[in-house]
Amino acid sequence: MHMPNTGDSWRRYVSALLFIGAFVNTVIAVTHYSVPEELEEGSVVANLASDLDLDVKTLSKRQMRLDIISSKRYLDVNKDTGELYIVERIDREYLCAVKTTTCFLKMEAIVENPQRIFYIEIEITDINDNPPHFRRDTINLDIMESTPAGERFSVNNAVDPDLGSNSVKTYLLSENEHFDIEIQTGRDGSKFADLILKKGLDREKQAVHSLILTAVDGGVPTRTGTASIIVRVLDTNDNAPTFVKDNYDVNIMENSPVGSLVLKLNATDLDEGTNAQIEYTYSLYTSEKTQGTFNLNPSTGEITVKGMLNYEDIRNYEMEIIATDKAVNSLSGQCKVKISVADMNDNHPEISIKSFQSPIKENEPIDTVIAVVSVSDKDSGDNGVVDLHIPDNMPFKLRESSDNYYELVVSEPLDREKVPEYDVTFTVTDRGSPPLSDNETMTLELLDVNDNVPQFPQSFYTIRVMENNAPGALLSSLTAFDPDLHENQYLVYFILEKEIVNTSMSMLFSINPENGNLYALKTFDYEIEKEFLFHIEARDSGSPPLSSNVTVHIIIVDQNDNAPVIVSPWRAHGSVVEEKIPRSTDKGSLVSKVIALDTDSVHNSRITYQFLQVTDATLFSLDQYNGEIRTMRMFSYRDPRHQRLVVIAKDNGEPALSATVTIKLSTVETAVKAYSDMTEVPLEYDIFSDLNLYLVIGLGSVSFLLLITILVTIVLKCQTPKPSKAAPPCRNSLLSERNSTIADSTLVSNDAYWYSLFLAETRKGKMVVRQPVPKGSRYIVSSIPRGTGLTDTSDSAASTLQSPIKENVPTDTVIAVVSVSDKDSGDNGVVDLRIPDNMPFKLRESSDNYYELVVSEPLDREKVPEYDVTFTVTDRGSPPLSDNETMTLELLDVNDNVPQFPQSFYTIRVMENNAPGALLSSLTAFDPDLHENQYLVYFILEKEIVNTSMSMLFSINPENGNLYALKTFDYEIEKEFLFHIEARDSGSPPLSSNVTVHIIIVDQNDNAPVIVSPWRAHGSVVEEKIPRSTDKGSLVAKVIALDTDSVHNSRITYQFLQVTDATLFSLDQYNGEIRTMRMFSYRDPRHQRLVVIAKDNGEPALSATVTIKLSTVETAVKAYSDLTEVPLEYDIFSDLNLYLVIGLGSVSFLLLITILVTIVLKCQTPKPSKAAPPCRNSLLSERNSTIADSTLVSNDAYWYSLFLAETRKGKMVVRQPVPKGSRYIVSSIPRGTGLTDTSDSAASTLQTLQVCETSFRHVIRTDILRE
């Protein structure tokens, strides 16, 4: 049977075997079960009652119990179900301590009534519940570093209490390059590992190796155990002692006392213990003389003086020292020691000029060696000490190069133009008593070099060139001067190349290379090119050539060569502009606006406007500065329907140029026509206007007066005549009006002038471009060391070899003086000296058996840093004998390389509104020199723009060339900068180069559009009034917005944000013109509200809004308020009005006749009567009222809005509401620059009128004006 799982019943792993036998009065059963260890408590093993054929219901009555043979109670029986279950976790390793293949748990099951005993055996199977482990966590191994690869080392094996596949299966070793493991299997099947050395050990590199050994069992999942293996590498004598240097050179004075320390040697051995203990000894190659003169301490390595040192006997000692360790198999190292004995000279002083170079170039740098002088004295002590002197008043000094060798070097700059040659006297004196001396004089001649840079008389040339110049015209002569002679003085002139809009300067200008005459190669146009900035270089013909440059600023001077161009009103070329205006247009209304532009300069582009032809000069006025055409009066019926205006726009040039535009104006009727399409609408609202109402009222009033007059006449005729009192005087009515004066805006600048100023700002901040300084090769000749050191016994010796030397020594400079000798005679004593051919040196015989090693080709340290020069001397004997000596010549770096930038021109784009301190770019140059000659420092070459230094705008890190912005840039103020960055090395003299940097400020959409027309206070609503009779397509208003961003971001489009009636108005999205789409009807409200939004083209788009409140007004009769002398039949009066006027006139005539008849009847009365009352006089007067001029000093934004008001074709409607007030008329409105304090009135005053018969008409018209 098998065991069920926990939760329901464990499936049985192994079928139980049931053995039944017969015993005395008792049946004994042996039941076998198999369960894994570590089962959870409560897990069911099997149904024991079922397996034993027992009734589950009787288990409790029969007192079934389980007796455990072992000491612990691991299982029990559930008397209700008969199931055998786990009471306590079973650990197989604890239960069966000895490793066996099987492990059983035996117990007895007992039941009563009748009593029966059942034997139960439960086999405990193994699971992988124990990880492998080592008996020791750390395994220490000591291995000699000389152990060969492949050697095996035993390590402790791991143990695992589990059995079979759950026990140790394999071993793993941590990754390393020296060790590996090999797994072995024991007789009992256990696994163990051997450590194998796969690569040799070196204690000096790594003395201890730490490894991790991991044991892995075969269970699922696997379990592991680890142990650390510490391998200590034991030392072997595998390192020989070593000295700090292979060769030691020591100088010691002759007659040094015995025991004086000459040198202390220190050898080291990397081994340990006795393997590192060192003993010092002389080698067999050390002569007995040397060993007898110097003592070597075998323990400390100290070399001390043992015998007397005599310079005259032996000058040099050479010895070889061996250092040996004390190991069994000892190792040793060696070094060579060369001891030189210094001489104490005691002889008469002598002077010898070893080398003297004359002539020399005048530009020899300071510390350049001119001559090498040797002095000697065979005496000793103070008598052998010598001093060498030259005169004090010379630009030279003596510098001791070695014992008794002096170099004559340049101490001050030489100038051939001041002193062409020097007589140098060398004087040598010893310090004996009396002193002895010797002298020798040499003449030093200076050669001229190209050391003077051409100089221009001025550092900056400004040349004005009139535009439209002839190609090839001479602009100026730029002549420089060079004080040098011959070819060094001959100058050649060049234009330093610089491209402007892909055009080379050489395509625009030419310079005569011989005399510096500057010519123009093309005709310049001020409107295209206003200025040029470039450099002229003057270069001499020396070697290397020197040059200087001068900045030339070409300014193109404007001529009046461009006629004005009419841009508004627009029309096709040569065509006539046609405009339509209502005949009811008020006086002073804007009819049109002429705008002309002139691309010439400010002075030449000032435009004035005049009428060239006009149909009626009394009807229109033209502002000569802003081009506005306005009505001077209202139209009358006599005025023709078509008006022709020819306007001329003249510029301010000499001679003046002009352009004309012809405007054909057509007047249209709007009073009744506006309602032609609404016949179904009653006339009471639209056509029955105020004039109709006043006419009806007037007719009714006169009719009523006529009726009263008739009734009064009848009454008077019926009454008895009575004496009458004096009639009261007529009532006088005094109507006054204020004089009104509205002054013109006095504009400082006309349209084109202001527009030119606006365009001028787009170039604000332009930097003057400076070309980089021309590169010139300028080398500095540094010190040229020389020296000797000859002995009579030397076969071949370099008397003097100055090393290191500077790389820029000129050719023919003496580097070494070598003497050769051979003690043989005849051909056997004749010797030849040679050096290798592949070197930039040559030998030059200076005297018998004396040779000078001189420079034959230019040296360059950057290509070859040092030379090994081998001198080979061979005699002419048979067979020939030879000797050689090798000297190392090292080259010192001089500052002969100019710093180089990767690019000659840098263009850096910077987004506006940048953060101050932002990194813009890194401008790094390279210098192939060394040390201080390679260390670069960066500068901004100063240049001021509008009194602002470049250092106030930008900063450069002097060490790494990082360029930073010191301020936040605004594209609308500064669009670009052009300046130079200089990289200068730290050599002496320093060399430098510069690079041009072009900073371009990139625009961001950071400026919202600004509404400039219609003008309104901040946030207020614009109120406009228009006639209700306005035609379809009429211009109602024009919205103009400006955006100061760049061209792309500043493109404005217009849209309605809100509109009261979308069918009534249209808005042009490009020019902002608001026009009517149809005529007004009586249904349309009197007030219209339009909200217009102006958006720019940026990302994201910015916008501005303006609210326009339109009010419609009635203008049918009011337009004729000042035209009392004009009959009403033609223009405004309709049939109804005509009938009303006829009726009013008829009734008035009847009233007048009635009054006259009454007067006649009264005068015929027989009784005397008082004088009849005079006729009623009505006096109409006007009060003087002055509205002060507004002298406007051209506010740019507002004036610019007026300037743009008619930039597109369209009819402007001027809506000036008639001032509200009773009984006054604003009459002719003079214009001027302003009123003085003493002015009483600048407006005309209506004359006082007496009204008799026509008084009613005047009263009626005055009442009409009140509305």
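These numbers come from a predicted model, not from an experiment.

1. With respect to the overall build of the chain
Part 1 of the reasoning: When helices and strands are tallied, the chain shows nine helices and 82 strands.
Part 2 of the reasoning: The 1267 residues of the chain split such that 42% are buried.
Part 3 of the reasoning: Residue pairs at least 24 apart in sequence account for 69% of intrachain contacts in the chain once pairs closer than 6 positions are excluded.
Part 4 of the reasoning: About 66500 Å² of surface is accessible on the chain, with carbon and sulfur atoms providing 52% of the total.

2. Section: a nonpolar patch on the surface
Part 1 of the reasoning: A contiguous nonpolar patch, built from F704, L705, L707, I708, I710, L711, V712, I714 and L716 and spanning about 740 Å² of accessible area, is present on the exposed surface.
Part 2 of the reasoning: In this structure, I710 sits in helix α5 (residues 690-718).

3. A few points about the pairing of strand β24 (residues 278-282)
Part 1 of the reasoning: Going residue by residue along β24, you find I278, Y280 and Y282 tucked away on one face and E279 and T281 left uncovered on the opposite face.
Part 2 of the reasoning: Sheet topology note: the β24/strand β27 (residues 316-325) ladder contains five bridges and is antiparallel. If you follow T281 over to β27, its bridge partner there is I322.

4. A few points about the sheet that holds strand β48 (residues 590-593)
Part 1 of the reasoning: Pairing in this open sheet of three strands is antiparallel, and the strands run β48-β52-β51 from one edge to the other. In this open sheet, the two edge strands, each paired with only one partner strand, are β48 and β51 (620-622). Averaged over neighbouring strand pairs, the angle between their axes works out to 20° when direction is ignored.
Part 2 of the reasoning: Relative to strand β52 (residues 628-631), β48 runs antiparallel, the two sharing three bridges. The residue bridging K593 from the neighbouring strand is E628, located in β52.

5. Comments concerning the state of the cysteines
Part 1 of the reasoning: Tallied over the full model, the rule gives one disulfide.
Part 2 of the reasoning: Covalent S-S linkage joins C96 and C103, the inter-sulfur distance amounting to 1.7 Å. In this structure the cystine formed by C96 and C103 twists about its S-S bond by roughly 80°; its chirality is therefore right-handed.
Part 3 of the reasoning: C103 gets classed as buried once you look at its relative accessible area, which sits at 0%.

6. As for the pairing of strand β80 (residues 1087-1095)
Part 1 of the reasoning: Taken together, the six bridges between strand β77 (residues 1053-1059) and β80 define a ladder with antiparallel strand orientation. Note on β80: the bridge partner recorded for Y1054 is A1094.

7. Considering unusual backbone geometry
Part 1 of the reasoning: Look at the link from S543 to P544: it is a cis peptide, with omega at -5°.
Part 2 of the reasoning: Tracing the backbone through its elements, the reader meets P544 in the loop between β44 (531-540) and β45 (547-557).
Part 3 of the reasoning: For the bond from S1013 to P1014, the omega torsion is -5°, close enough to zero to count as cis.
Part 4 of the reasoning: Within the fold, P1014 resides in the loop between β73 (1010-1013) and β74 (1022-1027).
Part 5 of the reasoning: Phi is positive for N849, close to 60°, though the residue is something other than glycine.

8. Quick notes on the pattern of salt bridges
Part 1 of the reasoning: Scanning the entire structure with this criterion turns up 30 salt bridges.
Part 2 of the reasoning: Several salt bridges share partner residues, and in doing so they unite R203, E204, D235 and E272 into one network.

9. Brief notes about the packing of aromatic side chains
The description of an aromatic ring pair uses the distance of the two centres, along with the angle that the planes make with each other.
Part 1 of the reasoning: Following the criterion strictly, the structure yields 17 aromatic pairs and no others.
Part 2 of the reasoning: Taken together, a centroid distance of 6.3 Å and an interplanar angle of 50° make the contact between F243 and Y280 tilted. Of the two residues, F243 is situated in strand β20 (residues 242-243) and Y280 in strand β24; the sequence distance between them amounts to 37 residues. Each member of the pair, F243 as well as Y280, carries the same accessibility label: buried.
Part 3 of the reasoning: The rings of F509, F524, F532 and F534 are connected pair by pair, giving a single aromatic cluster.
Part 4 of the reasoning: One residue, K530, lies across the ring of Y526, its end atom 4.9 Å from the ring centre.

10. Details of the sheet that holds strand β15 (residues 168-173)
Part 1 of the reasoning: Strand order in the open sheet formed by four strands is β12-β19-β18-β15, with mixed pairing between adjacent strands. On the outer flanks of this sheet lie β12 (138-144) and β15, each paired with one strand and no other. Pairwise comparison of adjacent strand axes, ignoring direction, gives a mean angle of 25° for this sheet.
Part 2 of the reasoning: Summarising the sheet, β12 and strand β19 (residues 224-234) pair through seven bridges and their orientation is parallel. Residue pairing across strands places I143 opposite V233, the latter belonging to β19.

11. Focus: the side chain of T713
Part 1 of the reasoning: One can find T713 in helix α5.
Part 2 of the reasoning: For T713, the side chain forms a polar contact with the main-chain oxygen of T709, separated by 2.7 Å.
Part 3 of the reasoning: If sequence neighbours within four positions are ignored, T713 has contacts with T1154, T1158 and L1161.

12. Observations concerning the environment of R539
Part 1 of the reasoning: Within the element layout of this structure, R539 appears in strand β44.
Part 2 of the reasoning: Residue classification places R539 among the partly exposed residues on the basis of a relative accessible area of 31%.
Part 3 of the reasoning: Spatially, the C-alpha atoms of R539 and V492 are 5.2 Å apart, while their sequence positions differ by 47 residues.
Part 4 of the reasoning: Excluding anything up to four places from it in sequence, R539 contacts Y490, L491, V492, F494, P545, L546 and S547.
Part 5 of the reasoning: Among the polar contacts listed, one links the side chain of R539 to the side chain of E537, at a separation of 2.6 Å.

13. Some thoughts on the confidence of the model for the chain
Part 1 of the reasoning: Looking at the chain as a whole, the pLDDT averages 77, with 77% of positions reaching at least 70.
Part 2 of the reasoning: For residues 1116-1134, every residue scores under 50 in pLDDT, and the model assigns this stretch 37 contacts once sequence neighbours within four places are set aside.
Part 3 of the reasoning: The low-confidence segment residues 1168-1267, where pLDDT is below 50, has 239 contacts with residues more than four positions distant or belonging to other chains.

14. Looking at the side chain of N933
Part 1 of the reasoning: Here N933 lies in the loop between β65 (919-922) and β66 (936-940).
Part 2 of the reasoning: Those residues in contact with N933 that lie beyond four places of it in its chain are D893, V894, N895, D927, D985, G987 and S988.

15. Here we look at the environment of S34
Part 1 of the reasoning: Examined against the element boundaries, S34 turns out to sit in strand β4 (residues 27-36).
Part 2 of the reasoning: On the accessibility criterion, S34 (4% relative accessible area) is buried.

About the cut-offs
Residues numbered from 1 in each chain as written. Predicted model: local features only at pLDDT ≥ 70, side-chain atom pairs only at ≥ 80, totals over all residues. Heavy atoms only, no water. Helix = DSSP H or I, 4+ residues; strand = E, 2+ residues; numbered from the N terminus. Buried < 20%, exposed > 50% of the residue type's maximum accessible area, 1.4 Å probe, protein only. Contact = heavy atoms within 4.5 Å. Areas by Shrake-Rupley, 256 points an atom, 1.4 Å probe, with all protein chains shown as cover. Patch = residues over 30% accessible without salt bridge, like charges linked within 9 Å, V, L, I, M, F, W, Y side chains within 5 Å. Salt bridge = Lys/Arg side-chain N within 4 Å of Asp/Glu carboxyl O. Pairing = 2+ DSSP bridges. Axes fitted to C-alpha atoms, helices over the stretch in contact; angles between N-to-C directions. Disulfide = S-S within 2.5 Å. Phe/Tyr/Trp six-rings, centres within 6.5 Å; stacked < 30°, edge-to-face > 60°. Lys NZ or Arg CZ within 6 Å of the ring centre and 35° of its normal. Polar contact = N/O pair within 3.5 Å; in protein donor to acceptor, adjacent residues only side chain to side chain. pLDDT = per-residue confidence, 0-100.

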